[in-house]
Amino acid sequence: MWTGLLADWKVMDIQFSLFNSHFSVDKLKDLLIYQQNAPILFSSGLFFFLFIGFLIIYMSLRKHLLARIIYVTLFSIYFYYKSSGLFFFLLLFVATSDFCIARCMAATASRWRRKAWVVLSLCIDLGLLGYFKYFNFLREIVAAAAHELGYQLGNTSLQSITYQPLDIFLPVGISFFTFQTISYVIDVYRGRIEPLRRWIDYVFYVSFFPQLVAGPIVRARDFIPQIYKTPVVTRAEFGEGLFLVLCGLFKKTVISDYISLNFVDRIFDAPLLYTGVENLLGVYGYALQIYCDFSGYSDMAIGIALLLGFRFNMNFDSPYQSATITEFWRRWHISLSSWLKDYLYISLGGNRKGKIRTYLNLLITMLLGGLWHGASVSFILWGALHGVALAVHKFMMNHFSSFKPLGSEMKPWRRVLGVLVTFHLVCFGWILFRADSMQAVGEMLTQIFTNFHPEVFTQFVMGYKGVFVLMVVGYVLHFMPKSAENGLQAVVTRSPLLVQAVMLAIAIFVVVQFKSAGVQPFIYFQF
């Protein structure tokens, strides 16, 4: 099956020059070294070629625990090198510091010393994250504040301060692996897990390549026990993994990339050039794009891990089917929302300090969740929107018995209404999330509410037939009942190996037909 995959993927013309007559050492070197403008992606031919070679050796080491751990760790570090260059040393530094801190913390029974080790870990991890991700943002705020203060005081020295951003490279996935190592240290502090004894085992956990650069965020207590088991992939698990990889490829390469390049980006780049109905459709398109992009990556990560004998928890569960904002955050980016709940919301006091404090904790948690996504005012406002919405919904549930946390607990008409309201609230948030500036947000909302022109809809359908069809297909598949999805997975799982290979070949052919000029990076790589 993997041989068939390689043969078909060559059609995509993705750097398999080593197999043709023009092969040279220089081309091989260019293919294997880090290229800043071309980080390795699951949807690229290069990754599948490397994965095939990796898999052959991996299976031969199946019963050799230490050799397998070292081998996977080295491949994972190379994978990160292909994503962020020499910043793999940063990954190793973070992993080493938290491994040592956890060991030191376990060696002392003093509560305040254990807390001191946790604080040290947070200072290191958040300090690095703050420098690479937020330093320029903070400098811009300070410069703007100094300039305004100088204007108010008539101080020309302060007024002359200007902001010049530093050239700081953002390592891919830094937010994900720092959160992962923080959760490990806190779990050791809380006594939920024992610290690992071998450094290489911990580096394996932090750097495991399927989830390294864009999640899902994997908990140590779920993942570490699987390291020491001999990897066994049953036929059902192989079929499930293949199904997830196929779904991820389809979501990312066919739906997300196509509607992004051919419609969504155009709308968000110049909203005033389009009518309100086109702007609204652009928002609906982005809602589908970001879901297919991120859930597509998660599907491929979970599927690839399953093919290696590791099972990750679900990261997306049809989030736009949610009838409340509370339900949305139980279905969207589950590994992040559960992390924020367990390590931030609960640490702030959760719902144990009274109702007012509960609402405040929700707001703070989502504000920081918004800031986690990026260093800009729009991300903070996006987090604030969701924090306020969660607090309001919590308030309504506390005072009115008719308000429920989940759509499954509602009457059908209330559930339908709840899905529509929640979806459009989330879409409003996506405008803040995607727009390049607050000016662009205002322009898009102005067009939607004052220059709608519904008659343009038919022109959109005729002018963007491919985009329209893919948006309809994407939303239909998204709102498809779980039983139908399970049925499709069962078809793939129960099919003979030859049929599965044919399915994969057909999927690759479809991907080729929708292939854009270049492989588009995943949206969450920037986080």
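About the criteria used
Residues numbered from 1 in each chain as written. Predicted model: local features only at pLDDT ≥ 70, side-chain atom pairs only at ≥ 80, totals over all residues. Heavy atoms only, no water. Helix = DSSP H or I, 4+ residues; strand = E, 2+ residues; numbered from the N terminus. Rg over C-alpha atoms; globule rule 2.2 N^0.38 Å. Contact = heavy atoms within 4.5 Å. Lys, Arg positive; Asp, Glu negative; His and termini not counted. Charge placed at Lys NZ, Arg CZ, Asp CG, Glu CD. Expected span 1.5 Å × (residues − 1). Buried < 20%, exposed > 50% of the residue type's maximum accessible area, 1.4 Å probe, protein only. Arc of directions from axis to C-beta. Axes fitted to C-alpha atoms, helices over the stretch in contact; angles between N-to-C directions. Parallel < 35°, antiparallel > 145°, perpendicular 65-115°, else oblique. Left-handed = near helix turned anticlockwise from the far one by under 90°. Nonpolar A, V, L, I, M, F, W, Y, C, P; charged D, E, K, R; others polar. Patch = residues over 30% accessible without salt bridge, like charges linked within 9 Å, V, L, I, M, F, W, Y side chains within 5 Å. Areas by Shrake-Rupley, 256 points an atom, 1.4 Å probe, with all protein chains shown as cover. Salt bridge = Lys/Arg side-chain N within 4 Å of Asp/Glu carboxyl O. Core = buried A, V, L, I, M, F, W, Y, C linked by side-chain atoms within 4.5 Å. Phe/Tyr/Trp six-rings, centres within 6.5 Å; stacked < 30°, edge-to-face > 60°. Lys NZ or Arg CZ within 6 Å of the ring centre and 35° of its normal. 1 Å grid on protein atoms, 1.4 Å probe; cavity = no way out; pocket = protein on both sides within 12 Å on 5 of 7 lines; lining within 4 Å. Points joined across faces, edges and corners; volume = space filled by probe spheres on them.

Caption draft 1: Here's a closer look at the overall build of the protein chain. Per the secondary structure count, the protein chain includes 22 helices and zero strands. The C-alpha atoms of the protein chain give a radius of gyration of 24 Å, which matches the 24 Å a tight globule of 527 residues would have. Taken along its principal axes, the extent of the C-alpha atoms in the protein chain is 70 × 65 × 55 Å. Counting only contacts in the protein chain whose residues sit at least 6 apart along the sequence, the fraction spanning at least 24 positions is 77%. Put simply, the protein chain has 43 plus and 29 minus side-chain charges, and the middle of one group is 11 Å from the middle of the other.

Caption draft 2: Helix H21 (residues 482–494), seen in detail. Compared with an ideal rise of 1.5 Å per residue, which puts 13 residues at 18 Å, H21 spans 18 Å between its outermost C-alpha atoms and is within 8% of the ideal. Here H21 has its buried residues at Ala490, Val492 and Thr493. All buried residues of H21 lie within an arc of 165° about the axis, which places them on one face of the element.

Caption draft 3: Expanded view of helix H20 (residues 465–478). For H20, which comprises 14 residues, the first-to-last C-alpha distance of 20 Å matches the rise-based estimate of 20 Å (1.5 Å per residue) to within 8%. Listed as buried for H20 are Val467, Leu470, Met471, Gly474, Tyr475 and His478. End-on view of H20: buried residues confined to an arc of 125°, all on one side of the axis.

Caption draft 4: Molecular detail of the packing of helix H12 (residues 276–307) against H20. Contact geometry for H12 and H20: axes closest at 11 Å, N-to-C directions at 55°. Between H12 and H20, the angle falls in the class oblique. Here the hand of the crossing between H12 and H20 comes out left-handed. In contact with Leu281, Tyr284, Gly285, Ala287, Leu288 and Tyr291 of H12, H20 contributes Leu470, Met471, Gly474, Tyr475 and His478. In terms of residue class, the contact of H12 with H20 is built from eight nonpolar, three polar and no charged.

Caption draft 5: Spotlight on a nonpolar patch on the surface. A contiguous nonpolar surface patch, about 270 Å² in accessible area, is contributed by Leu66, Ile70 and Leu74. The exposure class assigned to Ile70 is partly exposed, which follows from its relative accessible area of 36%.

Caption draft 6: Broad picture of the pattern of salt bridges. Counted by the stated rule, this structure contains 13 salt bridges. The salt bridge involving Arg198 is made with Asp201; its shortest N-O contact spans 3.1 Å. For Asp317, the salt bridge identified is with Lys482, shortest N-O distance 3.7 Å. One end of the pair, Asp317, is in the loop between H12 and helix H13 (325–331); the other, Lys482, is in helix H21, with 165 residues separating them in the sequence. Look at the salt bridges and you will find they share partners, linking Asp187, Arg192 and Arg221 into a network.

Caption draft 7: Spotlight on the nonpolar core. Core analysis: the largest hydrophobic core is formed by 135 residues, its most contacted members being Tyr184, Tyr320 and Trp430. Take this core: its biggest share by element is 17 residues, from H12. When sequence neighbours within four positions are dropped, the list of residues in contact with Tyr320 reads Ala287, Ile290, Tyr291, Phe328, Trp332, Val419, Phe423, Val426, Trp430, Tyr475, His478 and Phe479. Listed in part, the seven residues of the second largest apolar core include Phe243, Leu246, Val492 and Ile508.

Caption draft 8: Representation of the packing of aromatic side chains. Throughout the structure, instances matching the rule amount to 65 aromatic pairs. When the ring of Phe99 is compared with that of Tyr202, the centres are 6.3 Å apart and the planes differ by 35°; the resulting orientation is tilted. Here Phe99 is found in helix H5 (residues 88–106), whereas its partner Tyr202 is found in helix H9 (residues 199–207), with 103 residues between them in sequence. Comparing Phe99 with Tyr202, the two get one shared label, buried. Aromatic pair Phe204 and Phe208: ring centres 5.5 Å apart, planes at 20°, arrangement stacked. Residue Phe204 is classed as buried on the basis of its relative accessible area, which comes to 3%. Lys133 extends its terminal NZ or CZ atom over the ring of Trp372, reaching a point 5.2 Å from the ring centre. Positioned above the aromatic ring of Phe403, the side-chain terminus of Arg414 is 5.8 Å from the ring centre.

Caption draft 9: Structural detail: the layout of surface pockets. Empty space within the largest pocket amounts to approximately 1000 Å³. Forming the walls of the largest pocket are 42 residues, and the residues nearest its centre are Phe243, Cys247, Lys251, Asp299 and Glu485. For the lining of the largest pocket, the elements supplying multiple residues, two or more each, are helix H11 (235–269), H12, H20, H21 and helix H22 (497–514). At ten residues, H11 tops the list of elements feeding residues into the lining of the largest pocket. Class assignment of the residues belonging to the lining of the largest pocket gives a composition of 25 nonpolar, ten polar and seven charged. Roughly 680 Å³ of volume is contained in the second largest pocket. Taken together, 25 residues line the second largest pocket, and the ones lying closest to its centre are Leu122, Leu126, Trp339, Tyr343 and Leu344. At the level of secondary structure, the elements contributing two or more residues to the lining of the second largest pocket comprise helix H6 (111–153), helix H8 (174–190), helix H14 (334–345) and helix H15 (355–373).

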